[in-house]
Structure formats: C-alpha cells, structure tokens
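Breakdown of the fold
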Amino acid sequence: MSFRLIFCLIFLLPRVILSDPSQPNQVVLLDTTAVLGELGWKTYPVNGWDAITEMDEQNRPIHTFQVCHVMEPNQNNWLRSNWIPRQAAQKIYVELRFTLRDCNSIPWVSGTCKETFNLLYQETDEPRGPAARFHPADYAKIDTIAADESFTQTDLGDRVLRLNTEVREVGPIERKGFYLAFQDVGACIALVSVRVYYKKCPSTLRNLAAFPDTVPRVDSSSLVEVRGACVENAEERDTPKLYCGADGDWLVPLGRCVCSVGHEESDGLCLACRPGFYKAFAGNIKCSKCPPHSFSHSEGSAFCHCEKDFYRAPKDPATMACTRPPSAPRNPMFTINETALFLEWMPPSDTGGRKDLTYNVLCQRCGGAGQACEPCDGDVRFVPRPLGLTGTSVAVQDFVANANYTFQIEAVNGVSGMGRKARPLANVTVSTEQAGPSLVGVVRKDWASQNSIALSWQEAEQPHGAILDYEIKYYEKEQEQLSYSSTRTKSPSVIVSGLKPSTVYVFHVRARTLAGYSGYSPKSEFATGDENSEEASDQGPVLVIVTAAVGGFSLLVILTLFLLITGRCQWYIKAKMKSEEKRRTHYQNGHVPFPGMKTYVDPDTYEDPTLAVHEFAKEIDPSRIRIERVIGAGEFGEVCSGRLRTPGKKEIPVAIKTLKGGYTERQRRDFLREASIMGQFDNPNIIRLEGVVTKSRPVMIVVEYMENGSLDSFLRKHDGHFTVIQLVGMLRGIASGMMYLSDIGYVHRDLAARNILVDDNLVCKVSDFGLSRVLEDDPEAAYTTTGGKIPIRWTAPEAIAYRKFSSASDVWSYGIVMWEVMSYGERPYWEMSNQDVILSIEEGYRLPAPMGCPVALHQLMLHCWQKERNRRPRFNDIVDFLDKLIRNPGCLLTLVDDVQSFPESPEDTPEYPLFISIGDWLDSIKMSQYKNNFLAAGYTTLDSVSTMSIDDVRRIGVSLIGHQRRIVSSIQTLRLQFLHVQQSGFHV
Ligand code: ADE
C-alpha cells in the first residue's frame, strides 16, 4: 500500500514549476528547487523519509522528499536539512510546498493515518560533524503543518494535484546558522520544495540619495531608520532618511539631496551638464544653455566663459550674456551763449549689449598758442555733473573768456575698462573768444539787522564791456557746502533779507557781461544782529508776519494731526467692524460666543490657507522629530509614532501624520486644514497639536501621542474589561471635549468612537478635524441622495436629509458613541444596510441598550436621539448628567436587562418594528443561520423568544460572543415591542 502511494505521488505528479518570483526584498538562504546536485539531507530512521530526485525537461533536478507509512502505527520519521548559515537574517521565513493525502481516501488506515507533520529547527554556530548523533530533543518546534488542500484518489485519477504552500516565521535567530527538521508521525506527504529566506529593504535610490540593503527589526512594529548618502555629484539639503519596515518596504522618505553645480538630475542620478550648457547653483533644476557670447567646452560646467572681447561685470549673474564696452558717443556738438556752454552728443552705435550706459565729460583748458593744456578741475561747473551722466547733454558754466577748451565725451558701461583697450572718446573743442570782466572790488557790510544785511562793493576794474548784473552767492557759515542761495542786482550794492538772527553768513559776488562771468570775489563773512540789536527795530512788521506764519503753521500742524488722528480712528473703527464682521462669518451656524470667549475661525475663510496654518500652528524644525514606527495609514500618507524634542523641555512622544509625496496643492491644503483647526483648540479632551512641518518634505502634522489608539479598536480589544464607572468616565471626557467645541462654535460632523483617541490613563480625546467639512477620509461616510458623503449610522436624520449639521446633530452622534462604548465597540445597527438604518430611524426605531447597560445611560442615549433636534440635551447637560451619575454610582446599578417595565422612550409613542415570526426577526438582525437552533430548542414563537436570557441563547448553540450579544440586544427590543403592544392592546 505504502509503495503504491509513493508510486502515485511520484509518477502522477504533474510538472510543477517552482519559480522563484524574484522578490527584491527577499534574500534566499535555501531554495531546494535551485540546487543542482544532491541535497544530502539526513533521514532518521533511514527508511522513514525517501529522497527522490527527478530530472525536469531542462535536465535540472527536482528534489522531493516523501513519506507514507500510513498503515503502521507510531511513526516518528525525521528529515533534517543541511546547515543553513543565517547571514544577516534576524528573522527567517520558511516556505514549504507539499501535498498531503487525505486519510479518508485511503482504505483501512483509520487510527494510524495522520494529516499533519511538524516543522522544527535547531540553531548552532557551525555545522555539526558527520559523526554527530541526531537528537530530536535538540529541535524546537516551529509549528504543526496541516494542508489547506489534501488530495483524494479521485483527484489522482483526474491527475489534479493540490499543492499546499505554507509560510512560517522564525525569529529572532541568534546563532550563525540553523537546521530545519520535518517530523512525520504517520502522514502521506510529498515535500516538493523548501525555500528559506529573510526579508530586507533592498538598496534603493530615493530623492537622489542611496540607501543600502537593510534588514528589518525582528519586532515587526518598529522601524529601522536609515540615513541615505547623496549620489555622486549631489549634495544634502535636508538629511535624507528612509525607514525600513518589517516587510522589507521602505517607508516615510524624509529629506533630500540635490544635484551640485554643473550637474542635473536624470533618472535618479546627477549627470554632468553637456558642453554648451552650465548650471551655476546646486538644486534640482536643469542645466541651461550658455548665454549669448559665452561658451563651455567641457562637461559639468558651473558657468560659461566669455568669448574674446566680451566680459562679465563682477555683479553680472552667470545667466547673463557676456557684454563689451560701448563704442564712442556719436556726433558731439556744442552751443554757447553769453554765460553757458552746452555740449550734446548721440548714443554710441554699440552699447555693448548692456543697459547700464553712462557718459563722462572730461575738460581741458588750453591757453594761447603754444601753451600746454591742463585739466579744468574745479574752474568750470558742469550741470548736472561731469561724470556718470545718464542723458546725452551737459551744461558747462563758469568758463573763462578767451580760452580754448577741449571736452572729451566718453561712453561707459559695467564692463568698461575690462580688456585694457583704448577708451573710445568723442572730442569737442570750444574757444571762448570774448574776455569776461575782471573781479569786483572788496565787498563791505553797510548795515545789518536781525534778518538782513546790506552789502556794497567796487565795480570791476576791467569790465570788458557793460556789466549786465552782479550775482551775490551766500550761505550760512555753519552750513557751508550744504546749500547756498543767490540773488542778483544791477547796481554794486544789495540788501540780502530773509536771514536768521545772530548768524554768520559768507558772501561772494561776481559780475556778468555779454562775454560771461568774472570770477567770484574773495569770501566775506558778516553776521546778522540779535533780538536786542537796535538795527532790528525796522523789522517789526516782518516779525509779525513771521510770528503769524509760525502760528499759522503750528495751527496747520495741529489741524493736520487732528484730521489724521480722527481719520485713522474712523479707518480703524471701520477695519475693526470689518474684521468683526469677518469673524462673524467665520462662526459656523451663526454661533455667537459669550463675550470674551474664544471663537473658532474657519480656515476656509482665509484667502491664503497657508496663512491660517501659520496663524494657528507652530512650525517645527524636522530635526527635532524622531520617527520611530508606522502606526497607521491615513488618506494622505502614513501615520507614525515618534518623539519630539523641544529645547529646554522633556522629549515627548508624538504621533506624526505625513503627507506623501506627489500631492497636489489642494491635497496639501486639505491636509493642513486639520492643523489649522486643531491649533485653535486648547482642552484636555481634545487632541493637542504640537505643530506642523511645512517648510521641508514631507509635510507633517505633529500631535500628542495617545498610547491606546482609537477608542473603537481599544474597546474591541478589551471587551468586557472595564467597570461601568470607567466607561462612564470615558464618556464624560468625550462629552466635555464636545462641550468645549460647541461652546466655541465648532461642529465636528464625524463624531464616532473611531475618531476618539485614548491615552494610557484612559483619557479620551476628540480628534479627526480636518474632514469635518468633507468627509472624504472616513470609510464609514457614504454618499447620500443629496450628494454629500455622510457616516449614516452616526448622523442625525436632519443632517442626512438636508445637511443641517449643528451641535445638536453632534449630540445625536454622541448618543451613538455612548452606544459604541457601552457595547465595547459593536457596530451600530450591526449589519443593517445604510438604507435600512435611515428607514428604521424614520419609523421611530432606536438602538436597544447594549448588554449590561445601565438604564440611566440608555435613557440618555434615547434623549440624544430625539427626532426634534431642539429637544436633545446640550453637551453641558450631558456633562452635568454624567457627573451626577459618577457621584451617585448607585444610579448605574439598574441595568436595562433587569427592567421589566417599559422604559421612557425618546418620543411619547415610540414605534418599534413589529416582527411576525422568528425567521423574520432573525433576518432583520442578519442572524438567520440560527433559525433551526431556536426551533430545535422549542422556541417557536417570538413571545417565547422574548423571555430568553443570554444563557438560554448560549444553550441553544450560539457560541460566538458577538452573535450572542447581537441576539440578546435584539431580544430586549422584542420585549419592548411586546410591552408596547400589550399596552396598546394589540396582540401578535
Ligand atoms: N493614531 C492617529 N493619531 C494618533 C495619536 N495621536 N496617537 C496615537 N495613535 C494615533
């Protein structure tokens, strides 16, 4: 028999190709399908397992181990692999492919035939010698392996092979290697392949940084932080990091490198710019073509060299074309009248390619014939100036008569003087043929008052013509060079008025004839009189005018200030009113806060949402954050736990929500919206925002860490573990957080146990704010007929029907959270469809009290679920009520299960659904599979079912605790239904 079976196993085996699906995150330590020679595995006893090696079509061996001593009792057959070095592995995976024959298909073997085998291992630092004895006790069991699919004779007849694949994890492996062993205790097995591997995060390039092969931690929930090294020709911006997860996946890319100067990114590498191109800055920008008149002959150029005769000014950017000095100005001309000489010219034909063109005018004065020329220096005056002229003309004043002047006009730009070439000049020669007058005689003071000085002087000895007038130039001695005034007179005397009292002035005078000006007389200094000076008396009227002027000016200043101030106030008042108005539009649902109370501001009312983030959230330097592990996945990216360092403070644990790369601007805004909202809250029952990272990648939101995660899964994990008072304490915390939110005018819209976080002291905090407007992220949110996405089971009917969200609709959701808490995370309305939930609520149906729920709490739930939203309690009522219960725990002792009377209903006449049969009732709670259990146990009417206790339900064969709970909860509703029916005189 055994022989026949082995024959069947070997020769009816279809060709199974055990391809190694080349997995980059697996390092294979052993793959029997890839071993070409003998495997050399040991069997104990030698006639237990059989090693069979066949050749496939490509003449490669297929190693199979088989055993099938199903007729003989007490089998103990061992097969041991060779020593497998563990390499870098900390945890290994053993993948077995095998077939296992179904004992029922083999006649006469009952009692001896088995359908499992054992997988074991032994760790050692080196292979055991050939003489070493085999001790089964040295092997630690990994698992008992059973087949998912066995095969029967019919299958064999049909040549159908049911190949099982089982993978087991073993770790931590601490010695240098290990053996695997397979213990057969009487099954019919063909072990077709054994593959042993460990997982690694394979070396990769990310954000221009290279990350090496990394072996994950044995503890599958923690990550290995790996720093990347920038690829060649790249440099670090923010330290590049990746985290290696347990499955060999790289997670949460942080930081980045950028290509250095002269290099650009291409397929994850930094390649040198081609000749003719350059890149002047490090960054992820492309190489640019060399600007005009420049070139790069080599690869990897940071800048382009200028062609011959072209230059770059020191401040010219590398992106600018190379330029050259301008050519000479064209067509210089002059015009001269009695007093002034005007020079004019046209711009050069070649500006050199620049816009910073200016002109300099240089002056030389040449005496009579044969006399040398010398620079004019300060003898002539240029208006506006001689150098750095931006226009194409200049006036020359104070030139002397009978002289020859040569003016050289030069065009200059930012690269003039580079390349040491002769400067191109335009020359103009002008001769001033007529001689001007000689100097006037000494200037005298005739008298002085507080504000005036009278002067006179002798006429010029050689006027060379009629004196047209005299120019008197004067300035305050103290203010020399800062400003001066001038006045003219036709006679050789003048009264200079408008001066300051007791002030020394400097005067000089020159004469003008048709030929031009004489030189200035030497400087003369005279002082005005003081207030007591006799000469001042003639200035009375002036004083009145000046006083009046000063008074008038002061009045003007006061008036202006007054207008300014009142104007500003009005502006301020208007602005304040406007901002007040804006604040009002920020309130949701017309909520107006108590005076002095903080109010929630909707970030969507900010034109620039980034402003809102920075108004309400602190920017955190990412170097202060250490990511430790991934704890979840949100719509926008991974959620991690980690630590936040703040200078001068203790490091704190935090949760970090990341925004994955490749996001759109809208996704970034939606992601950060949550931070803008959370940052406005400050309450012990609202999750606290620590800050945001927006200035580097990835964008992150950092919040306080809540050790016990979300409330729904926490309760499911600890089903039945808490006292009622503990549960009420959690509910009180949630109500208190919600009271804070409703007080500041924030409507949550998605209050559910999954959106409550729990810390290690069982403190519950409300979270998940970003999506209060659009519930895109909530898997529970479904589209309504009006097009909104709403978590139906948690939402008040008016919010579902016409999107009337308010703190009152949050109270409805709170009632559902109460129910979730009291039922340890049961799904509200179980498996009923959303549509049935809406209809049932509309018909007056409300969730029954969970098992073991105090009446007082179920009553509170029913109050929260009043159809008329104004009749629902407010959050402060709920907090007060729960506080009273906590202070009087005796009120919590009466459980709904014990109540025999009809509890107060949310409406005066509740309408409970009426069921007409057990089948109908079980269908409605999706428990139809137990119909026969009820009937077989003699429960044939709903009346009899309504008296059943939880023990009765268990006794009739409902063994799953969730099903027991669902049925018992619904039996309570049945009881209410019967009570209601009895009260209304209706009989089923
Ligand atoms: N999951 C999402 N946010 C969390 C937090 N703040 N703490 C723990 N787990 C979380």
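Residues numbered from 1 in each chain as written. Predicted model: local features only at pLDDT ≥ 70, side-chain atom pairs only at ≥ 80, totals over all residues. Heavy atoms only, no water.

A few points about the site of the ligand
This is how it is decided: One heavy atom suffices: a residue is near a molecule or strand as soon as one of its heavy atoms comes within 4 Å of it. In protein, a polar contact means a hydrogen-donor-capable atom and an acceptor-capable atom, both N or O and within 3.5 Å, with residues adjacent in sequence counting only if both atoms are side-chain atoms; elsewhere, any N or O pair within 3.5 Å suffices. Where accessible areas are quoted, they stem from the Shrake-Rupley method and a 1.4 Å probe; at the residue level, only the protein chains shown are allowed to cover.
Near the ligand, the surroundings consist of Ile631, Val639, Ala655, Val703, Glu704, Tyr705, Met706 and Leu757. Between the ligand and Glu704 there is a distance of 2.9 Å, counted from a nitrogen atom to a backbone nitrogen or oxygen. A distance of 2.8 Å is found between a nitrogen atom of the ligand and a backbone nitrogen or oxygen belonging to Met706. Its free accessible area being 260 Å², the ligand has 83% of it covered by the protein chains.

Regarding the state of the cysteines
In plain terms, the rule: By definition, disulfides here are pairs of cysteine sulfur atoms that lie within 2.5 Å. Secondary structure elements are taken from DSSP: a helix is a run of H or I of four residues or more, a strand is a run of E of two residues or more, and numbering for both begins at the N terminus. Remark: exposure states derive from per-residue accessible area (1.4 Å probe, protein chains only) relative to the maximum for the residue type, with buried under 20%, exposed over 50%, and partly exposed in between.
Counted under the stated rule, the structure contains nine disulfides. Linked covalently through their sulfurs, Cys273 and Cys287 form a disulfide whose S-S length is 2.1 Å. Here the S-S torsion is close to -80 degrees, and the disulfide linking Cys273 with Cys287 is therefore left-handed. A residue pair is termed long-range when its members are at least 10 positions apart, and Cys273 in the loop between β20 (269-272) and β21 (277-278) and Cys287 in the loop between β21 and β22 (288-289) qualify at 14 residues. Exposure remark for Cys273: the relative accessible area of 0% places this residue in the buried category. By relative accessible area, Cys287 is classed as buried at 11%. Disulfide partner of Cys306: Cys322, at an S-S distance of 2.0 Å. Disulfide Cys306-Cys322: torsion about the S-S bond near -75 degrees, hence left-handed. Placement of Cys306 in strand β24 (residues 305-306) and of Cys322 in the loop between β24 and β25 (330-336) is noted, with a sequence separation of 16 residues between them.

Thoughts on the environment of Ile838
What counts is decided by this rule: Whether two residues are in contact is decided by their heavy atoms, any of which lying within 4.5 Å being enough.
Positionally, Ile838 belongs in helix α10 (residues 834-842). When near neighbours in sequence (up to four residues on either side) are disregarded, Ile838 contacts Ile792 and Ile800.

Topic: the packing of helix α11 (residues 855-864) against helix α12 (residues 875-887)
What counts here: Only C-alpha atoms enter the line fits that serve as axes; for helices the fit covers just the stretch in contact. Angles between N-to-C directions range over 0 to 180 degrees. Should an angle fall under 35 degrees it is called roughly parallel, over 145 degrees roughly antiparallel, and 65 to 115 degrees roughly perpendicular, with every other angle called oblique. Under the grouping applied here, Gly and all other residues not named as nonpolar or charged are polar, the nonpolar ones being Ala, Val, Leu, Ile, Met, Phe, Trp, Tyr, Cys and Pro and the charged ones Asp, Glu, Lys and Arg.
It is the contact of α11 with α12, at a shortest axis distance of 12 Å, that shows an interaxial angle of 175 degrees. By the angle between their axes, α11 is roughly antiparallel relative to α12. Contact with α11, carried on its side by Ala856, Leu857, Leu860 and Cys864, involves Ile878, Phe881, Leu882 and Leu885 of α12 and no other residues of that element. Across the contact of α11 with α12, the residue classes break down as eight nonpolar, no polar and no charged.

What about the sheet that holds strand β15 (residues 224-227)?
Strand pairing in a sheet is mediated by backbone hydrogen bonds. Such pairs are either parallel or antiparallel. What counts here: Strand pairing is assigned whenever DSSP detects at least two bridges linking the two strands.
Reading across the sheet, the three strands line up as β15-β17-β18 and stay open at both edges, with antiparallel pairing between neighbours. Where the open sheet ends on each side, the last strands, each with one partner, are β15 and β18 (250-259). For this sheet, the mean inter-axis angle between neighbouring strands, taken without regard to orientation, is 15 degrees. Bridge analysis of strand β17 (residues 234-244) against β18 gives seven bridges, and the strand direction is antiparallel. Pairing of Glu236 across the sheet is with Cys257, part of β18.

Details of the confidence of the model for the protein
This is how it is decided: Here pLDDT means the predictor's own confidence in every residue, given as a number from 0 to 100.
Averaged over all residues, the pLDDT of the protein is 82; the fraction at 70 or higher stands at 82%. Here residues 899-912 scores under 50 on pLDDT; set against residues more than four positions off or in separate chains, the count is 31 contacts. Segment residues 980-988 is flagged for pLDDT under 50; beyond a separation of four residues in sequence, or across chains, it makes nine contacts in the model.

Structural notes on the sheet that holds strand β41 (residues 625-633)
With respect to topology, five strands assemble into an open sheet ordered β41-β42-β43-β45-β44, the strand pairing being antiparallel. The open sheet is flanked by β41 and β44 (689-693), the only strands paired with a single partner. Taken over all neighbouring pairs, the strand axes of this sheet differ in orientation by 25 degrees on average, direction set aside. Packed onto the sheet, helix α5 (residues 665-678) meets β43 (652-658), β44 and β45 (700-704) and runs at close to 35 degrees relative to β45.

Regarding the pairing of β17
The pairing of β15 with β17 spans four bridges and is antiparallel. Paired with Val224 across the bridge in β17 is Cys244.

Topic: the side chain of Gln964
Mapped onto the elements, Gln964 comes out in helix α17 (residues 961-983). Overall, the relative accessible area of 4% leaves Gln964 in the buried class. Here the side chain of Gln964 touches Arg954 through a polar contact of 3.3 Å, side chain to side chain. With sequence-adjacent residues up to four places away left out, Gln964 is seen in contact with Ile950, Val953, Arg954, Val958 and Ser959.

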